[in-house]
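Residue strings, one per chain:
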Amino acid sequence: MRSKNKELMREIKEFVENYYMVEYRSPSTTEIARNVGIARGTAYKYLVEMRERGMLSYDGKEIRTELTEKVMPNTNNAAILGSVSCGVPKFAEENIEEYIPLPETLFGKGDFFILKANGTSMIDAGIDDGDLVVIRQQSSAEEGQIVVALIDDEATLKRFYRDDRNKCIRLHPENSNMDDIIVDDCIIQGIAVKVIKDIL
């Protein structure tokens, strides 16, 4: 392999750092390639070479430099997946709209995704129509936690209760004008950990 162009290495590093300051995440190899005028495969090879020279760290996805390390908190990238019903159960479409970095200091560790609240069934819990709800992905829940529950391929955001006496699950809306949803079983997709208010 031919020796790498040091000026191009400097340009890549500068682009990575500037990109992070605006987007708060690392650019993809495609974004690097497009912005510095090289092929995607070439961008990848340069990143590997720059890692070997100690110019940056690169794990195949995340790129860090000394500068970004100073301003970059430990984060989890959470995908915004679409809407979830806060009324009648509605299918949660897993079309990723974008990624948002979530600082571990605020959200803890784990796998997260974000859904947009749709409806008014959780308004008494402070979740309004249009709010973004941060969900920690897990398959179980404690009594009283707000969950994303999948019922017959439809997802809904409700408070979770297990009724052992009647051998059923009660999904409770936080709206006094709405009735509980009673089901024999459901699939827990995650629990709500934080609400990002829609202020527009």
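Residues numbered from 1 in each chain as written. Predicted model: local features only at pLDDT ≥ 70, side-chain atom pairs only at ≥ 80, totals over all residues. Heavy atoms only, no water.

Q: Any details on the overall build of the protein chain? Residues and values, ideally.
A: Scanning the protein chain from terminus to terminus reveals five helices and 11 strands. Burial status across the protein chain gives 41% buried among its 200 residues. A total of about 11,800 Å² of accessible surface is found on the protein chain, and carbon and sulfur atoms cover 46% of it. (Helix = DSSP H or I, 4+ residues; strand = E, 2+ residues; numbered from the N terminus. Buried < 20%, exposed > 50% of the residue type's maximum accessible area, 1.4 Å probe, protein only. Areas by Shrake-Rupley, 256 points an atom, 1.4 Å probe, with all protein chains shown as cover.)

Q: Lay out the environment of Ile135 with the relevant residues and their values.
A: Considering the arrangement of structural elements, one finds Ile135 in strand S6 (residues 132-137). Aside from chain neighbours lying at most four places away, what touches Ile135 is Asp111, Phe112, Phe113, Leu115, Val148, Leu157, Gly190, Ile191 and Ala192. (Contact = heavy atoms within 4.5 Å.)

Q: Explain the side chain of Asp131 residue by residue, including any values.
A: Looking at the element boundaries, Asp131 is found in the loop between strand S5 (112-118) and S6. On the basis of relative accessibility, which here comes to 1%, the residue Asp131 falls in the buried class. In terms of polar contacts, Asp131 uses its side chain to reach the backbone amide nitrogen of Asp128, at 2.7 Å. Looking at Asp131, its side chain comes within polar contact range of the side chain of Lys197, at 2.7 Å. (Polar contact = N/O pair within 3.5 Å; in protein donor to acceptor, adjacent residues only side chain to side chain.)

Q: Go over a nonpolar patch on the surface, please, and point to the residues and values.
A: Taken together, the side chains of Met21, Val22, Leu67 and Val71 define a hydrophobic patch exposed on the protein surface, amounting to about 330 Å² of accessible area. At the level of secondary structure, the elements contributing two or more residues to the nonpolar patch comprise helix H1 (6-23) and helix H4 (66-71). Inspection of the secondary structure assignment puts Met21 in helix H1. (Patch = residues over 30% accessible without salt bridge, like charges linked within 9 Å, V, L, I, M, F, W, Y side chains within 5 Å. Salt bridge = Lys/Arg side-chain N within 4 Å of Asp/Glu carboxyl O.)

Q: Provide a residue-level description of the pairing of strand S9 (residues 168-172), including the pertinent values.
A: Strand direction decides the pairing type here: strand S8 (residues 154-163) and S9, joined by five bridges, are antiparallel. When the sheet's bridge partners are listed, Arg159 is paired in S9 with His172. Turn length for the S8-S9 hairpin, with the two strands adjacent in sequence and antiparallel, is four residues, and the turn residue Lys167 shows positive phi of about 55°. (Pairing = 2+ DSSP bridges.)

Q: Give a description of the nonpolar core that names residues and reports values.
A: Core analysis: the biggest nonpolar cluster contains 17 residues, and Ile12, Ile32, Val36, Ile38, Leu47 and Ile63 have the highest contact counts within it. Sorting the residues of this core by element identifies H1, helix H2 (29-36) and helix H3 (40-52) as the ones contributing at least two each. For this core, the element with the most residues is H1, which contributes six residues. Apart from residues lying up to four places away in sequence, Leu47 is in contact with Ile12, Thr29, Ile32, Leu56, Tyr58 and Ile63. (Core = buried A, V, L, I, M, F, W, Y, C linked by side-chain atoms within 4.5 Å.)

Q: Requested: an account of the confidence of the model for the protein chain, with residues and values cited.
A: Per-chain confidence: the protein chain averages 85 in pLDDT, with 88% of residues scoring 70 or above. Within the protein chain, strand S3 (residues 75-85) has the poorest average pLDDT of any element, 73, and S9 the best, 94. (pLDDT = per-residue confidence, 0-100.)

Q: Go over the pattern of salt bridges, please, and point to the residues and values.
A: Note on pairing: side chains with opposite charge can pair once their charged atoms come close. All chains considered together, the criterion is met by eight salt bridges. Between Glu49 and Arg53 there is a salt bridge, and its shortest N-O distance comes to 2.9 Å. Taking relative accessible area as the criterion, Arg53 reaches 41% and is therefore assigned partly exposed. With a closest N to O distance of 2.6 Å, Glu174 and Arg159 form a salt bridge. Remark: Arg159 occurs in strand S8 and Glu174 occurs in the loop between S9 and strand S10 (181-183); sequence separation between them is 15 residues.

Q: Before we move on, can you summarise the packing of H1 against H2 with the specific residues and values?
A: Following both chains from N to C, one finds H1 and H2 inclined at 120°, their axes separated by 10 Å at the closest point. If you check the angle between H1 and H2, you find them oblique. Judged by the sense of rotation from one axis to the other, the crossing of H1 with H2 is right-handed. Contact with H1, carried on its side by Leu8, Glu11, Ile12, Phe15, Val16 and Tyr19, involves Glu31, Ile32, Asn35 and Val36 of H2 and no other residues of that element. (Axes fitted to C-alpha atoms, helices over the stretch in contact; angles between N-to-C directions. Parallel < 35°, antiparallel > 145°, perpendicular 65-115°, else oblique. Left-handed = near helix turned anticlockwise from the far one by under 90°.)

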